[in-house]
Amino acid sequence: METQNARDKKEAAVEERVHLIVFKLGTEEYGVRIDQVKEVTITPEITRMPKTPSFIKGVANIRGDIIAIMDLEERFRIERAFKEPERHTYTLVMEAKDYTMGFIVREVPQSLTLPVSSIDKTPSFIQDININENFIEGIGKLDDRLIIVLDMYKILTSDEVLQLKS
Amino acid sequence: MKSRDQEYKEIFIAEALEYYDALNRHISDLEKNPEDEQLLAEIFRLLHNLKANAKAIGYTSIADVSHKLETAFGMIRSRELSFSDEVVTVLFDGIDMLGEMITGIDGPNEVEPSPALLRNLDIIVNSLTDNSSDLSKVQKYYTSKNLSLSDLIYIQIKKLDHLLNLVGELIIDRDRIVSISKELDHDDLKNVSAHLYRITEELQYSVMDARLVNVGSLFNKFPRIVRDIAVAEKKEINLDISGQDIQIDRNILQIITDSLLHLMRNAISHGIEKAEIRKKAKKTPQGNISLSAQNDRDTVILRLSDDGKGIDQEEVRRAIVQRGFLTADATKDLRETEVLSYLFEPGFSLAKEVTEVSGRGVGLDVVKNAIDSIGGRIKVDSKKGVGTTFTLFLPTSIAVKGALLCQVEENFYAIPLMHTDSVVAFPTRDLHEVGELLVADINGETITIVSLRELFNTDIREYSVKKKDLTGDAQNIIIVTYNNRKLGLIVDKLLRQQDIVIKALSKPVNTIEIYAGVTLLGSGKVCLVLDVAAITRYFITRR
C-alpha cells in the first residue's frame, strides 16, 4: 500500500495526466501505466513449460533474459474475440521488483494519455468478478471509450502467481 | 603449469610483503603514538602470523626474526620495555631486515639476518634496564629502498562470479553465432566464428581456472576440528588426509563445507566406537578416519571413510517402516544400496541420543540438498562392523556442465550428465506393467521406467502408463541415477551431448519442482533442464 500512497501523492502534486499502454483482452480495452511496462515486442518463440497452469504459456528468450509468459485472457477467463489464430501476437514485458514477466496481447498495444480525473476508482461490485483481488485500479473514460486500468504490480505479486506449484 | 611448491612460495611472498607493508605503516604510526594499544595489538598479530606462515613453509630465519620482534613488541605491550628511541631504531631495523629477507626469497642468494641485528634484538629483549650502550650499529644491506608492488592481488569472489556469468552469456551468444555462420555458409564468417569459438573457450577456462582453490584449504582445517570433536566424545581418532592439492571451484567448496563437517561429526560420534568396544572387535583402539580427494575428468570425488561400527541394514529397514516410508513387505525387496539411500530422506535419523556435537536433528537430507544444489551426487556404502564411506561427486566448476539433450513432443530438454547412467533402445514388448508403472530388466537390474510425455501432461497423482500407450517397437530410455536409485526416462528422441550453461529460472516459474533451470541452445531455442532429483523423488514415494 505504501507504493500506492506514494504514487497518489506524486500525482496530486503534478496534476495530471496518466500515460497508459492500452491493449485489448476479449472485446474490452485494458490499460496499464507506462512506467510498469519495460518494453513491447512481437512475441518470440515460446517454449511450453509442462507442469504449469494453462495461463502460463511457457518461457521465452527476450534479449538473453528468459522470462515466463502469461496469457491474461486465460488468466482472467475472458473469452477471446477472434477464434482464428493471429499471424503474430505482442508481448508486454512488465517488471516487478525482483523479476520480469511477459503478457501476451493480440493486437498492437497503443499509447494513450488520460487526465487522472477521468479515471474513476473502481466501483466495489466489479471487484467480485474474475479479475479479482483488486487488480483493477480504475475505469478510465475517453470520449466514448472505456478503458479498464489494471494494476500490473498486483497481478505480478499475487499469491496465485507466486505459488505456481503444480 | 607451475609446480605446487612454486605457487605456495609466491602466495607466501605476496602475503608476507603485505604484512611487511602493514608493519611499516603501523610502526611509523606507533612512533608518533606510542600509547596506542590497538596499533600494538595489530603489529603483534601481523608478526605472529608472519612467523607462523614462515615456519609452515620452512623459512626458519624469517620465522626467527619475526619471533624476536614479536617478543619485543609483546614486552612493549606489557610495559616491560619502553618505546625509547634506541629501541625504536632496533625495531625499525628488524622490520627492514624482514623485508629484505622476504624479497630475497625469490632472489639468487638467500638473505641471512645480520648477526648484529639479532644481537641487538636479544639485548633489548633481555636487558630490562636502559642499557643502550651495548647496542651496536647495524649495517644496512640495502643502499636505496626499492619500491615494488606485489605480484598477487586479492579479489572478491563476487567479482569473479560476475565475470563468470558474463562469460556464460558470451558463450550462449557465441554458439548462436557459430550456428548462424553454418547456416549462411559464408567463408569469412566461418573463419571469424571459429576463432571466436576458440577465444571464448580459452576465456571460459581461464575464468574457471581463476576460481579454483585447493581442496586442502578446507581439508587442512579438519585435523583441529577432528581433535576437538574427538576430545568431546572421549574417543581417539587417527585422521588421514590425502589429495589436498586437487583443485575445485571456490564456491563449490564453500557450499559443501558444512556438509563435510556434518559427515565428519557423524563419523566420529556415531561411526567410531568407544575404545573398549573396538578392542573387543579386534580393531585398533583409535578410530581411523580418512578424508581424500581425487579427480575424475570434470568431477572431483571426495571420500570420507571411517572404520567404525557401520550402518545396520536391518535397523534402517525397521526405521523405514516405522517412519512410514514403506510397508514392511516392501522393505524386504529393497536392495542394500536402496536401503541406505533412505538415510538421506528428510526426517530420517538413526541417532538415538543427542550428543553435544551431532544428532541435533539436522539430518543427512540437509547434506544431500546442499550437494544437489550444485549438481553433485552423494553415495554411501557401509558394512556392519567394518565401517562407512560417504562419497561425494562434485563438479569441478559451476558454470558449464555436460548434458544430454533429448526431445519430448516439440520441446528440447537437457539432463545433466552428472545424473545420467546410460542410454538404451529398449524393446517395448520386454517392458512389464506393474500397477500404473512400467518396469524393465536392464542388465540384471529391475528399473522403474517413466514416460516423460505422460509425466509432463498429467497430474502426478493420475500418472499411469501401460504398454499400449507407447508407440513404436523400441523405446529410447535414458537411465538416470539419483541417491543410489535408478530410473529410466522414456523420451521421444535422443539428440546429442553438449556443454550447457545453466541459468536459474526466474520468478514465478522458479518453484516448479521438475526443472533445475534453463539454458539457451546455439539455435537460440530455450531448453529446460530437468531436475533428476525431483523427478526421482516423485516416483520413490509411489513405490
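See the structure printed just above.
Engineer: With reference to specific residues and values, describe the overall build of chain A.
Structural biologist: Looking only at helices and strands, chain A has four helices and twelve strands in total. By the burial criterion, 32% of the 166 residues in chain A qualify as buried. Sequence-distant contacts in chain A: of pairs separated by 6 or more residues, those separated by 24 or more amount to 53%.

Engineer: Explain the overall build of chain B to me, and be specific about the residues and the numbers.
Structural biologist: A count of helical and extended segments in chain B gives 17 helices and 18 strands. For chain B, the share of sequence-separated contacts (at least 6 apart) that also reach a separation of at least 24 residues comes to 66%.

Engineer: I'd love a proper account of the environment of leucine 489 of chain B, names of residues and values included.
Structural biologist: Residues and elements named next belong to chain B. Along the chain, leucine 489 turns up in strand β15 (residues 485-491). We classify leucine 489 as buried; it has 25 C-beta atoms within 10 Å. Once the C-alpha coordinates of leucine 489 and valine 423 are considered, the two residues, 66 residues apart in sequence, prove to be 9.4 Å apart.

Engineer: Account for the sheet that holds strand β14 (residues 474-482) of chain B, naming residues and giving values.
Structural biologist: Residue and element names in this part refer to chain B. With mixed pairing, six strands are arranged side by side in an open sheet as β10-β14-β15-β13-β12-β11. Edge positions in the open sheet fall to β10 (420-427) and β11 (432-434), since each of these has one partner strand only. Taken over all neighbouring pairs, the strand axes of this sheet differ in orientation by 35° on average, direction set aside. Sheet topology places β10 next to β14; seven bridges connect them, and they run antiparallel. Across the sheet, residue threonine 420 finds its bridge partner in β14, namely valine 480.

Engineer: Please give an account of the environment of phenylalanine 539 of chain B that cites residues and values.
Structural biologist: All names here are of chain B. Mapping phenylalanine 539 onto the fold places it in helix α17 (residues 532-542). On the basis of neighbour count, phenylalanine 539 is assigned to the partly exposed category, with 17 C-beta atoms found within 10 Å. C-alpha separation for the pair phenylalanine 539 and isoleucine 449, spaced 90 residues apart in sequence, amounts to 9.8 Å. Residues contacting phenylalanine 539, with those up to four places away along its chain left out, are Thr448, Val450 and Leu487.

Engineer: If you had to explain the interface of chain A and chain B to someone new, which residues and values would you point to?
Structural biologist: At the junction of the two partners, chain A supplies 23 residues and chain B supplies 17 residues. Contributions of two or more residues to the side of chain A that touches chain B are made by β5 (56-62), β6 (65-71) and α4 (159-162) of chain A. Top element by residues in the side of chain A that touches chain B is β5 of chain A. It accounts for four residues.

Engineer: Describe helix α6 (residues 157-184) of chain B, with residues and values.
Structural biologist: All names here are of chain B. Helix length check: α6, at 28 residues, gives a terminal C-alpha distance of 40 Å against a target of 40 Å (1.5 Å per residue), a fit within 8%. Those residues of α6 that sit buried are Leu164, Val167, Gly168, Ile171, Ile172, Arg174, Asp175 and Ser181. Phi for aspartate 185, located one or two positions after α6, is positive at around 55°.

Engineer: Any chance you could break down the sheet that holds strand β12 (residues 145-150) of chain A for me, citing the residues and the numbers?
Structural biologist: Residue and element names in this part refer to chain A. What the six strands build is an open sheet, ordered β9-β1-β2-β12-β11-β10; its pairing is mixed. A single partner strand is all that each edge strand has here, and the edge strands are β9 (110-115) and β10 (119-121). Shown here is a sheet whose adjacent strand axes are inclined to one another by a mean of 40°, direction ignored. Across six bridges, the pairing between strand β1 (residues 17-25) and strand β2 (residues 28-33) is antiparallel. Looking at β2, one finds that leucine 25 is bridged to glutamate 28.

Engineer: Residues and numbers for the pairing of β14 of chain B, please.
Structural biologist: Strand residues, when the strand is regular, have side chains that alternate between the two faces of the sheet. All names here are of chain B. Taken together, the seven bridges between β14 and β15 define a ladder with antiparallel strand orientation. Among the inter-strand pairings, threonine 481 is bridged to a residue of β15, identified as lysine 486. Here β14 folds back onto β15 in antiparallel fashion, the turn holding two residues, of which asparagine 483 has a positive phi close to 55°.

Engineer: Before we move on, could you go through unusual backbone geometry and cite the residues and values that matter?
Structural biologist: The backbone of arginine 77 of chain A shows a phi angle near 55°, a positive value even though the residue is not glycine. Tracing the sequence through the fold places arginine 77 of chain A in the loop between α2 (72-75) and β7 (90-95). Arginine 77 of chain A gets classed as exposed once you count the C-beta atoms within 10 Å, which come to 11. A positive phi is found at glutamate 409 of chain B, a non-glycine position, where the angle reads about 55°. By the element assignment, glutamate 409 of chain B lies in the loop between β8 (400-408) and β9 (411-416).

Engineer: Help me get a handle on the packing of helix α4 (residues 85-104) of chain B against helix α5 (residues 115-126) of chain B, residues and values and all.
Structural biologist: Residue and element names in this part refer to chain B. It is the contact of α4 with α5, at a shortest axis distance of 10 Å, that shows an interaxial angle of 135°. With respect to α5, the axis of α4 lies oblique. Our pair here, α4 against α5, has a crossing hand that is left-handed. Contacts between α4 and α5 involve Val87, Val90, Asp93, Gly94 and Met97 from the former and Leu117, Asn120, Leu121 and Ile124 from the latter. Partitioning the contact of α4 with α5 into residue classes produces six nonpolar, two polar and one charged.

Engineer: I'd like to hear about α4 of chain B, residue by residue, with values.
Structural biologist: In a regular helix each residue adds 1.5 Å, so 20 residues correspond to 28 Å; α4 of chain B covers 28 Å between its end C-alpha atoms and thus fits that length. All of the buried residues along α4 of chain B are Val87, Val90, Leu91, Asp93, Gly94, Ile95, Met97, Leu98, Gly99, Met101 and Ile102 of chain B.

Engineer: Run through the packing of helix α10 (residues 250-271) of chain B against helix α15 (residues 364-373) of chain B, naming residues and quoting values.
Structural biologist: Residue and element names in this part refer to chain B. One can describe the packing of α10 onto α15 by two numbers: an axis separation of 9 Å at closest approach and a directional angle of 150°. On the basis of their axis angle, the class for α10 and α15 is roughly antiparallel. Where α10 crosses over α15, the two elements pack in a sense that is left-handed. Between α10, through Ile255, Ile256, Asp258, Ser259, His262 and Leu263, and α15, the contact on the second element is made entirely by Val367, Ala370, Ile371 and Ser373. Classifying every residue of the contact of α10 with α15 gives six nonpolar, three polar and one charged.

Engineer: Explain the environment of phenylalanine 44 of chain B to me, using residue names and the numbers behind them.
Structural biologist: All names here are of chain B. By the element assignment, phenylalanine 44 lies in helix α2 (residues 37-57). For phenylalanine 44 and glutamate 70, which are 26 residues apart along the polypeptide, the C-alpha to C-alpha distance reads 5.9 Å. Every residue in contact with phenylalanine 44, bar those within four places of it in the chain, is listed here: Glu70, Phe73, Gly74 and Arg77.

Engineer: An account of the nonpolar core is requested, with residue identities and associated values reported.
Structural biologist: Generally speaking, a soluble globular protein has its nonpolar side chains buried in company with each other. Counting 83 residues, the largest nonpolar core has Val59 of chain A together with Ile415, Ile478, Leu489, Val529 and Leu530 of chain B as the members making the most contacts within it. Counting residues domain by domain, this core receives three or more from each of domain 2 (158-210) and domain 4 (400-542) of chain B. When residues no more than four places from it in sequence are discounted, the contact partners of valine 59 of chain A are Thr47, Met49, Ile66, Ile67, Ala68 and Ile69 of chain A together with Val509, Val518 and Val526 of chain B. Membership of the second largest hydrophobic core comes to 40 residues, among which are Ile229, Leu239, Ala293 and Ile311 of chain B.

Definitions and limits used
- Residues numbered from 1 in each chain as written.
- Chains lettered and ligands numbered in written order.
- Predicted model: local features only at pLDDT ≥ 70, side-chain atom pairs only at ≥ 80, totals over all residues.
- Helix = DSSP H or I, 4+ residues; strand = E, 2+ residues; numbered from the N terminus.
- Buried ≥ 20, exposed ≤ 12 C-beta atoms within 10 Å, placed from the backbone.
- Contact = placed C-beta atoms within 7 Å.
- Pairing = 2+ DSSP bridges.
- Axes fitted to C-alpha atoms, helices over the stretch in contact; angles between N-to-C directions.
- Expected span 1.5 Å × (residues − 1).
- Parallel < 35°, antiparallel > 145°, perpendicular 65-115°, else oblique.
- Left-handed = near helix turned anticlockwise from the far one by under 90°.
- Nonpolar A, V, L, I, M, F, W, Y, C, P; charged D, E, K, R; others polar.
- Core = buried A, V, L, I, M, F, W, Y, C linked by C-beta atoms within 7 Å.
- Domains from an automatic or database assignment.

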